[in-house]
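Residue-level structural notes
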Amino acid sequence: MNGPKQKLLKRKSRLRYGLLKQTRKSGRARLSVYRSNLHIYAQVIDDVKGCTIASASTVDKEVKSQISKTSTKEAASVVGKLVAQRAVKSGVKEVVFDRGGYIYH
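Summary of the structure given here. A quick note: this is a predicted structure, and the numbers were derived from the prediction, not measured. All residue numbers refer to position in the chain's written sequence, counted from 1. Residue-level local features of this predicted model are given only where pLDDT is at least 70; pairs of side-chain atoms are given and counted only at 80 or more, and the full residue set underlies all totals for whole chains, interfaces and linings. By convention in this description, side-chain values take in all heavy atoms of the structure and omit both hydrogens and water.

1. Focus: the packing of aromatic side chains
Any two rings among Phe, Tyr and Trp, with Trp reduced to its six-membered ring, count as a pair given centres within 6.5 Å; such a pair is stacked if its planes are under 30 degrees apart, edge-to-face if over 60, and tilted if neither. Evaluated as defined, the whole model comprises 1 aromatic pair. Here the aromatic rings of Y34 and Y41 are separated by 6.1 Å at their centres, their planes lie at 25°, and the arrangement is stacked.

Quick look at the structure:
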């Protein structure tokens, strides 16, 4: 009934509710990061308009040419720099970090 998947979804929705209030009040975009066993995905989302402003992942050709393995700190660093460049190019200077229900440490 309350398995790990349900607990994750509950934490995610609780976190997202607080972030939505914060993003609408401050006008900042939301940086959502997802890490699977093989890849790292990041996207900057505008919750007011409901659209993705910038995104990057280890699946992108630009990132694949710079890294050897897709699930390392080096890969995360390259993805972070690329999504930041794309966000700044789109006019986003500040974001709110969305950890997606996972522990951030």
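2. Points about helix α3 (residues 73–90)
Here a helix means four or more residues in a row that DSSP labels H or I, a strand means two or more in a row labelled E, and each is numbered from the N terminus. By this rule the span expected of a helix is its residue count minus one, scaled by 1.5 Å. Counted at 1.5 Å a residue, the expected span for α3 with its 18 residues is 26 Å, and the 26 Å between its end C-alpha atoms agrees. Any pair of residues with heavy atoms lying within 4.5 Å of one another is described as a contacting pair. Its buried side turned inward, α3 meets β1 (29–35), β2 (40–46), β3 (51–57) and α2 (61–64). Of the residues flanking the end of α3, it is G91, one or two places downstream, whose phi is positive at about 100°.

3. Quick notes on the nonpolar core
One finds V44, V63 and V83 to be the most contacted residues of the largest nonpolar core, which totals 16 residues. Elements with a minimum of two residues in this core: β1, β2, β3 and α3. Ranked by the residues each element gives to this core, the list is headed by α3, at 6 residues. Setting aside anything within four residues of it in sequence, one finds V44 in contact with A29, R30, L31, C51, T52, I53, A54, V83, A87, V92 and V95. Nonpolar cores are built from buried Ala, Val, Leu, Ile, Met, Phe, Trp, Tyr and Cys residues. Side-chain atoms within 4.5 Å join them into one set. The classification of residues rests on relative accessible area computed with a 1.4 Å probe and restricted to protein chains. Under 20% of the type maximum is buried, over 50% is exposed, and intermediate values are partly exposed.

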